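Observations on the three-dimensional arrangement
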Amino acid sequence: MLRVPISGVRNQQMMMMTTCGHMLVPSLGDCRRYDFDGCVGFGSDYGNGMKNRGMVPTTAKKTRLCISPMASSAVAESPSSSRADLYKKVLEAARDKFTQEISFQSKDKDISLAKALLYVAAEDEAFLAFNREIDVCSLHNERRDTSSFSDGQGWDSLEGMPMAGKNINEWLVELDTIAKEVEAELVSRDIGCHLTEVLNAVNKVLFELRGFKRSPVIVDSKCSYLHTVLSSRCSSAILLSVIYIEVCRGLNLTIVGSRVGEEFLIWPPTGNPEELFKVTCGHSLFGVVNGKCVDDPRSKASDINSHSLLGLDIATNRDIIGIALANLIRLYWKRASRSNHGLMLTSPLRSVDKSVEKLKNDGSSETPLLRPQELSLAIMASERLLILQPHNWCLRRDYGMMLYYKKEYEPAVQELSICMAFAPEEEAQVLEPFVEKLHLMRLEATWKSLGQKGGRLTIL
């Protein structure tokens, strides 16, 4: 039996951190948690507490776009290769733009929620389009089709790429258009600009004239991207809040928000919060803005009143973007692991000893099969969230576990080793044997690769 010594895993952590950028380790009390809730996937506490401010992120992660040799060959030989190359460039440009938008060098108030979330959407759209082009190229080569492809997309940059029929600038104009519709509604009523009157006008345009609705359970990705929400009018609570905030910003009306339990509530800062809770025609203004959750006794949002409202922690723009990204991770992890009911990201950490022993005895390791495209989208969302929270050990652990499930063992070892340096001692002790296991799995993958290439591995 071959025994591979794994030494110094714990001692290598700080060395690995220096290879990933210069990071200053904050106190563990400053690290915000992102917890997995078991069967349903990623549950973020992003927005609770909100005390972790002003940290400078490490060098932004590039989109992890892995192309197999077969796919690369297909693209290279196909007339459609120019389109695939264009989508790849757009994908990288969207990540760069997102990173610039949420940079800690900018003041939080200067961050555009709409732009940041449209860059998120553009990156994911480009990723999906790139994969479709790979499929087309492969099919083209299999059929030995010599017919020419038409590059008729009519755009050549991130700013020009259409998403649900409009490019990024046109979707920003759509938000301005909604704000103008609210202004027109106020003019038609011949009323002034009292706070409650403006909010009533916004509610009428969004919920009655435009027909926006909250989806209580997010199972469709269309409810999780800003451009598809603006197109379909069906939205997650957080993105509908973003639309409300952006429309009111166009009216020079400030709207703030806070995470309350599983809900995200928004309201205008006012010296008279009682007027938000005054019931008219069976509903309060606060209830209309935030939906049914405020009347649901099972929700913590139902406990909010004019007095407790003033004690809530206000979410920053970065916090709001983080919540939207956490929702994407949860959505795509659920999709990726659909055939493995009850699978959690941290499931392998519970049975490390057994799996390591199996690996040593018969040289095999079992990793659950997940949907690769959905897993990649979850990883991409996690990378963006790490740009916002580079020192969050729990988030980095989850990112490393996703890389493990994708069988990218080397970067998984790197991320989890960094995580061990941030994590509490008891959590690091749980991670350490798993990182040792990953070292073994990385060696196993190397041996298999040598075998596939016809190489001969001699063990003395």
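Here's what I pulled together on the structure shown here. Since we're looking at a predicted model, the values are computed, not measured.

1. Looking at the pairing of strand β6 (residues 263–267)
- Buried residues dominate β6, accounting for 4 of its 5 residues.
- With 5 bridges connecting them, strand β5 (residues 256–260) and β6 associate as antiparallel partners. In the strand pairing of β6, Ser258 is matched with Leu265.
- Counting the residues in the hairpin turn of β5 and β6 gives 2 residues, including Gly261, whose phi is positive at 60 degrees.

2. Section: the pattern of salt bridges
- Tallied over the full model, the rule gives 17 salt bridges.
- In this structure, Asp108 engages Arg318 in a salt bridge whose closest nitrogen and oxygen atoms are separated by 3.4 Å. Of this pair, Asp108 sits in the loop between α3 (81–101) and α4 (113–142) while Arg318 is found in helix α10 (residues 317–336), placing the two residues 210 residues apart along the sequence.
- For Arg318, a relative accessible area of 9% corresponds to the buried category.
- When the shortest N-O distance is used, the salt bridge between Glu415 and Arg396 registers 2.6 Å.

3. Some thoughts on helix α8 (residues 237–250)
- Compared with an ideal rise of 1.5 Å per residue, which puts 14 residues at 20 Å, α8 spans 20 Å between its outermost C-alpha atoms and is within 8% of the ideal.
- Among the 14 residues that make up α8, 11 are buried, leaving the element largely enclosed by the rest of the structure.
- Looking one or two places after α8, you find Asn252, whose phi comes out positive at around 60 degrees.

4. Describing the packing of aromatic side chains
- Enumeration according to the criterion identifies 6 aromatic pairs in this entry.
- Ring geometry for Trp333 versus Tyr405: centroids 5.2 Å apart, planes at 55 degrees, classification tilted. Note that Trp333 is positioned in helix α10 and Tyr405 in helix α13 (residues 393–405), a separation of 72 residues in sequence.
- Residue class for Trp333 comes out buried when judged on its relative accessible area of 0%.
- Aromatic ring contacts, followed pair by pair, group Trp333, Tyr404, Tyr405, Tyr409 and Phe434 into a single cluster.

5. Comments concerning the side chain of Ser284
- You can see Ser284 is positioned in strand β8 (residues 283–284).
- Among the polar contacts made by the side chain of Ser284, one reaches the main-chain amide nitrogen of Gly287 at a distance of 2.9 Å.
- Leaving out residues up to four positions away in the same chain, Ser284 has contacts with Leu276, Phe277, Lys278 and Val279.

6. Points about the nonpolar core
- Membership of the largest hydrophobic core comes to 127 residues, with the highest contact counts inside it found for Phe212, Ile243, Tyr244, Ile321, Tyr404 and Leu438.
- Among the elements that line this core, the one with the most residues is α4, at 14 residues.
- Beyond its immediate sequence surroundings of up to four residues, Leu438 is in contact with Tyr404, Tyr409, Ala412, Val413 and Leu416.

7. As for the state of the cysteines
- Scanning all chains against the criterion turns up 0 disulfides.
- Cysteine Cys223 shares no disulfide, and the gap to the nearest cysteine sulfur, in Cys234, comes to 3.4 Å.
- Of all cysteine sulfurs in the structure, the one in Cys394 sits closest to Cys419, which takes part in no disulfide; the separation is 7.5 Å.
- Overall, the relative accessible area of 0% leaves Cys419 in the buried class.

Calculation criteria
- Residues numbered from 1 in each chain as written.
- Predicted model: local features only at pLDDT ≥ 70, side-chain atom pairs only at ≥ 80, totals over all residues.
- Heavy atoms only, no water.
- Buried < 20%, exposed > 50% of the residue type's maximum accessible area, 1.4 Å probe, protein only.
- Helix = DSSP H or I, 4+ residues; strand = E, 2+ residues; numbered from the N terminus.
- Pairing = 2+ DSSP bridges.
- Salt bridge = Lys/Arg side-chain N within 4 Å of Asp/Glu carboxyl O.
- Expected span 1.5 Å × (residues − 1).
- Phe/Tyr/Trp six-rings, centres within 6.5 Å; stacked < 30°, edge-to-face > 60°.
- Polar contact = N/O pair within 3.5 Å; in protein donor to acceptor, adjacent residues only side chain to side chain.
- Contact = heavy atoms within 4.5 Å.
- Core = buried A, V, L, I, M, F, W, Y, C linked by side-chain atoms within 4.5 Å.
- Disulfide = S-S within 2.5 Å.

Functional significance is not addressed by these values, which are geometric in nature.
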